[in-house]
Amino acid sequence: MPLSTALWALLFGLIPGPAAQAAFQIFYKKGQVQVLRQGKAASGDTVLAGDRVQVGPASLAILKSDREILKLTQDTDIQVVEHTGGEAPTFLSLVRGGLIAKVDKKAFTVKTKTTSMGVRGTHFFVSLGEGGEEWMCVKERLVEVEASGKKTPVPQGKGVFVK
């Protein structure tokens, strides 16, 4: 096959490219848990960078990677914006709901519409209320919260409310 033909075939998906690396595995799920890949339902328990994970009412999901454990509470919608594994940073977008994260010695950021929470190895909880209010509490170590251009370090045992 000439190189130009092979390149066009690869671009249009006729030849499979390199396999995408799994960001997370769904370790446990109860109730309605759906992975969306490029806007369509994905099969299996693998979550890739770019995927959204939606957890329905009275449902829950636990996602694991080599350095992170995420518990997604009921009525939660997250997108894995960036995740390449190992010590590389992870970026999540919390669209709705809440999550509990345990992160082991790596950069990890959760963003909402108005707030960014950056950690480097910690255990914390973040939740979005139906009215747009946000709250976050830290179980271990420190989380840096940025809202309205202001950065605030939140230590272990403390929390913040953003409205």
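**Details of the overall build of the protein chain**
Logical step 1: Across its full length, the protein chain holds one helix and 16 strands.
Logical step 2: Within the protein chain, buried positions represent 36% of all 163 residues.
Logical step 3: Counting contacts in the protein chain only where the partners sit at least 6 residues apart, residues at least 24 apart contribute 37% of the total.

**What to know about the pairing of strand β13 (residues 134-140)**
Logical step 1: The pairing of strand β12 (residues 123-128) with β13 spans six bridges and is antiparallel. Residue pairing for β13: V126 is matched across the bridge by M136.
Logical step 2: Hairpin connection from β12 to β13: five residues lie between these consecutive antiparallel strands, with G132 at a positive phi of about 95°.
Logical step 3: Here β13 pairs with strand β16 (residues 159-162) via four bridges, running antiparallel.

**Considering the packing of aromatic side chains**
Logical step 1: For the structure on display, the rule yields two aromatic pairs.
Logical step 2: Judged by centre distance (6.3 Å) and plane angle (70°), the rings of F108 and F124 are edge-to-face. On the criterion of sequence distance, the pair formed by F108 in strand β10 (residues 107-111) and F124 in strand β12 is long-range, its members being 16 residues apart.
Logical step 3: When its relative accessible area of 1% is taken as the criterion, F124 is described as buried.
Logical step 4: The residue whose ring lies beneath K64 is F27, and the NZ or CZ to ring-centre distance is 4.4 Å.

**Here we look at the nonpolar core**
Logical step 1: Within the largest apolar cluster, 31 residues are counted, with the highest numbers of intra-cluster contacts made by L63, L70, L72, L99, F108, F124 and M136.
Logical step 2: Excluding its chain neighbours within four sequence positions, the residues that come into contact with M136 are M117, F124, F125, V126, V143, V145, V154, K158, G159 and V160.

**Brief notes about the confidence of the model for the protein chain**
Atom-level detail of predicted coordinates should not be read off regions where pLDDT is low.
Logical step 1: Averaged over the protein chain, the pLDDT score is 82; the fraction of residues at 70 or greater is 86%.
Logical step 2: When the elements of the protein chain are averaged for pLDDT, helix α1 (residues 3-11) gives the smallest value, 42, and strand β5 (residues 52-55) the largest, 96.
Logical step 3: Across residues 3-19 the pLDDT falls below 50, and counting only partners more than four positions away or on other chains, this stretch makes eight contacts in the model.

**Re unusual backbone geometry**
Logical step 1: The phi angle at Q38 is positive, at roughly 55°, despite the residue not being glycine.
Logical step 2: Tracing the backbone through its elements, the reader meets Q38 in the loop between β2 (33-37) and β3 (40-41).

**A few points about the side chain of H83**
Logical step 1: On the secondary structure map, H83 appears in the loop between β8 (76-82) and β9 (90-103).
Logical step 2: Under the relative-accessibility criterion, H83 is labelled buried at 5%.
Logical step 3: Looking at H83, its side chain comes within polar contact range of the main-chain oxygen of A23, at 3.5 Å.
Logical step 4: Beyond its immediate chain neighbours, meaning those up to four positions away, H83 contacts A23, F24, A49, S65, E68, P89, T90 and K106.

**Notes on the side chain of S127**
Logical step 1: Summarising the element assignment, S127 is placed in strand β12.
Logical step 2: Look past the residues within four positions of S127 in its chain and what remains in contact with it is G97, G98, E133, E134 and W135.

The rules we used
- Residues numbered from 1 in each chain as written.
- Predicted model: local features only at pLDDT ≥ 70, side-chain atom pairs only at ≥ 80, totals over all residues.
- Heavy atoms only, no water.
- Helix = DSSP H or I, 4+ residues; strand = E, 2+ residues; numbered from the N terminus.
- Buried < 20%, exposed > 50% of the residue type's maximum accessible area, 1.4 Å probe, protein only.
- Contact = heavy atoms within 4.5 Å.
- Pairing = 2+ DSSP bridges.
- Phe/Tyr/Trp six-rings, centres within 6.5 Å; stacked < 30°, edge-to-face > 60°.
- Lys NZ or Arg CZ within 6 Å of the ring centre and 35° of its normal.
- Core = buried A, V, L, I, M, F, W, Y, C linked by side-chain atoms within 4.5 Å.
- pLDDT = per-residue confidence, 0-100.
- Polar contact = N/O pair within 3.5 Å; in protein donor to acceptor, adjacent residues only side chain to side chain.

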